[in-house]
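One letter stands for each residue in the lines below.
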Amino acid sequence: MRRSVPLLITTLLITATPLLAVSPADAAQAGRCDGKKPTIVSDAKEVTGTARDDVIVVTGRGPSQVEAGAGDDTVCLRRRGYVRVDAGSGDDTVVSQERRGRPNTVLGPGDDTYVGSDGRDSVADADLCCGQGAG
């Protein structure tokens, strides 16, 4: 009987781990994003931020869509291939860190910053191009 209690606790801990926004392994692999601790680390094809201030690290390969949402977000692109980023509203920072990536970024309303890579980056300002600005 004594062996079942530690096994049960271990099972519960392993089962609960995926519920974390950023697992310890993902956070260790992702490191910092523009000096900040990531709140979302993902290699999914679609990544969606929250209405709060997010620190999003996008990893992996292949096409991807990132919707940062509202808030003062920081997005670090470490994904190979085409990545479309909609920074959303707020004072956002997008950092392209994968030279083999092809980010296509729309900076939303707010005081946004884009830091490019040696790759083929494409950046548009929603205030100027896309009819999303305050006018």
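Placed above this text is the structure.
No experiment lies behind these values; they were computed from the predicted model shown.

Thresholds applied
Residues numbered from 1 in each chain as written. Predicted model: local features only at pLDDT ≥ 70, side-chain atom pairs only at ≥ 80, totals over all residues. Heavy atoms only, no water. Core = buried A, V, L, I, M, F, W, Y, C linked by side-chain atoms within 4.5 Å. Buried < 20%, exposed > 50% of the residue type's maximum accessible area, 1.4 Å probe, protein only. Helix = DSSP H or I, 4+ residues; strand = E, 2+ residues; numbered from the N terminus. Contact = heavy atoms within 4.5 Å. Disulfide = S-S within 2.5 Å. Polar contact = N/O pair within 3.5 Å; in protein donor to acceptor, adjacent residues only side chain to side chain. Pairing = 2+ DSSP bridges.

*Asks:* What is the right way to look at the nonpolar core in this model?
*Replies:* Soluble, globular proteins show a tendency: their nonpolar side chains are buried together. Counting residues in hydrophobic clusters, the biggest one holds 14 residues, and the most contacted among them are Ile56, Val66, Val75, Leu77, Val85 and Val94. Elements with a contribution of two residues or more to this core: β3 (55–61) and β5 (74–86). Per-element tally for this core: the top contributor is β5, with 4 residues. Discounting residues that sit within four places of it in the chain, leucine 77 has contacts with Val58, Val83, Val85, Val94, Val95, Ser96, Gln97, Glu98 and Pro103.

*Asks:* Explain the state of the cysteines to me, please; I cannot follow it from the model alone.
*Replies:* Covalent bonding between the sulfur atoms of two cysteines defines a disulfide. Tallied over the entire structure, the rule returns 1 disulfide. Between the sulfur of cysteine 33 and that of cysteine 76 lies a disulfide, 2.1 Å long from S to S. Torsion about the S-S bond of the cysteine 33 and cysteine 76 cystine: about 100°, corresponding to right-handed handedness. Pair noted here: cysteine 33 is in the loop between α2 (24–30) and β1 (40–42) and cysteine 76 is in strand β5, with a separation of 43 residues, a long-range link. The pair formed by cysteine 33 and cysteine 76 is uniform in burial state, with each residue classed as buried.

*Asks:* Please clarify how unusual backbone geometry should be interpreted in this entry.
*Replies:* What is expected of a backbone is that most residues other than glycine have negative phi and most peptide bonds are trans. Not every positive phi belongs to a glycine, and aspartate 34 is a case in point at roughly 55°. The topology assignment puts aspartate 34 in the loop between α2 and β1.

*Asks:* Help me understand the side chain of threonine 74, please; the structure alone is not making it clear to me.
*Replies:* Note on placement: threonine 74 falls in strand β5. A distance of 2.8 Å separates polar atoms of two side chains, one belonging to threonine 74 and the other to lysine 36. Contact partners of threonine 74, with chain neighbours within four places excluded, come to Cys33, Asp34, Lys36, Asp54, Val55, Ile56 and Thr93.

*Asks:* Honestly, the pairing of strand β6 (residues 93–96) in this entry has me stumped. Any pointers?
*Replies:* Residues of β6 alternate between two faces, with Thr93 and Val95 on one and Val94 and Ser96 on the opposite face, all of them buried. In terms of strand pairing, β5 meets β6 through 4 bridges, oriented parallel. Counterpart to cysteine 76 in the pairing with β6 is valine 95. Sheet topology note: the β6/strand β8 (residues 113–115) ladder contains 3 bridges and is parallel. Of the residues in β8, the one forming a bridge with threonine 93 is threonine 113.

Note that every value here comes from positions in space, so none of it alone points to a role or purpose.
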